[in-house]
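# Topology and contacts: notes
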Amino acid sequence: MEPIIKISNLSYKSGHTYLLRDVNWEVQQGEHWVVFGLNGSGKTTLLSMIAGYRKHTYGSLEVFGEPYSETNIFETRKKIGWVSSSFFDKYMNHESALNIVLSGLSGTLGLSGDISNQQVKTARSLLKQLHLGDKVDYPFDILSKGERQNVLIARALLPQPEILILDEPSTGLDVLAKEYMLSVVRELAANTSITILYVTHYAEEIQPLFQHSLLLKRGRVYAKGKTEALFQDETLSGFLEYPLHCYPEHEGYRMEAQVSSDICGLFHKQEV
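None of these values were measured; they are calculated from a predicted model. (Residues numbered from 1 in each chain as written. Predicted model: local features only at pLDDT ≥ 70, side-chain atom pairs only at ≥ 80, totals over all residues. Heavy atoms only, no water.)

## A short note on unusual backbone geometry
A positive phi angle is found at His131, which is not glycine, with a value near 65°. As for its position among the elements, His131 is in the loop between helix 5 (117–129) and helix 6 (145–157). The class of His131 is partly exposed, set by a relative accessible area of 46%. (Helix = DSSP H or I, 4+ residues; strand = E, 2+ residues; numbered from the N terminus. Buried < 20%, exposed > 50% of the residue type's maximum accessible area, 1.4 Å probe, protein only.)

The structure is reproduced here in structure tokens:
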């Protein structure tokens, strides 16, 4: 079976700096991956290229068996739901929440093409389910961080994508909104053939449905494979360059840093 995403020796260069270097990765249809790494590791850069919003410098990238081209880019984008506040916050300001959601139908950053009344109704319904029913006409830039994130989630889900890319989707969400978002992800994973790529800094969000993980470090692949094999003390301690204890907890993982006893010693007054 051909992979739904195939990446070979992929690199992205900005000026004289490589943000990504020699990335090799394949994702099969229906797989669910966690992409894990510190800030600046290249996660958003990589995912924005997979979603068709950034062009790579070297190497090859195929999605649905084809490289991106001028003739297929918008049709391909329609099949990929892309949630990334760090990306879209740069381009969306005064557009209404409803129009941003509807732009997901065309794979563009603004409204394009014919939109049916049913599609508008569905977009409004999604916003209502994400607690934004009373803010469909609000400009994007006056919404809270969590509200903007929910607009992007609705935008990603509207076209019923084959690939869903979630770049730190819980950022800015309150407890209820976060749990609702995770419930939606669980439902999609359990009841559809969708492929999910999920970026998070929070080990507790790495649920059992994410059976595969990609660890990115300074723009390179540090490790990839089964999540349960990678989220171990030795691998993560080497990856993060700090001694850690990692273990499954509830439906996610828990990481504990090993703090030096010298830290506490700084607070002890010396006897005179």
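## Looking at the sheet that holds strand 2 (residues 17–27)
The 4 strands are arranged 2-1-4-5 in an open sheet whose pairing can be described as antiparallel. Whereas interior strands pair on both sides, the edge strands pair on one side only; in this sheet they are strand 2 and strand 5 (66–67). (Pairing = 2+ DSSP bridges.)

## Overview of the pattern of salt bridges
Tallied over the entire structure, the rule returns 11 salt bridges. Between Lys145 and Asp89 there is a salt bridge whose closest N-O contact spans 3.7 Å. With Lys145 in helix 6 and Asp89 in the loop between helix 3 (85–88) and helix 4 (97–103), this residue pair connects regions lying 56 residues apart in the sequence. By relative accessible area, Asp89 is classed as partly exposed at 26%. For the salt bridge of Glu256 with Arg254, the shortest nitrogen-to-oxygen distance reads 3.1 Å. A residue is classified by how much of its surface remains accessible, and Glu256, at 32% relative accessible area, is partly exposed. A cluster of three or more residues bridged by salt bridges with shared partners is formed by Asp89, Lys145 and Arg148. (Salt bridge = Lys/Arg side-chain N within 4 Å of Asp/Glu carboxyl O.)

Function cannot be read off these values alone, since they describe shape.
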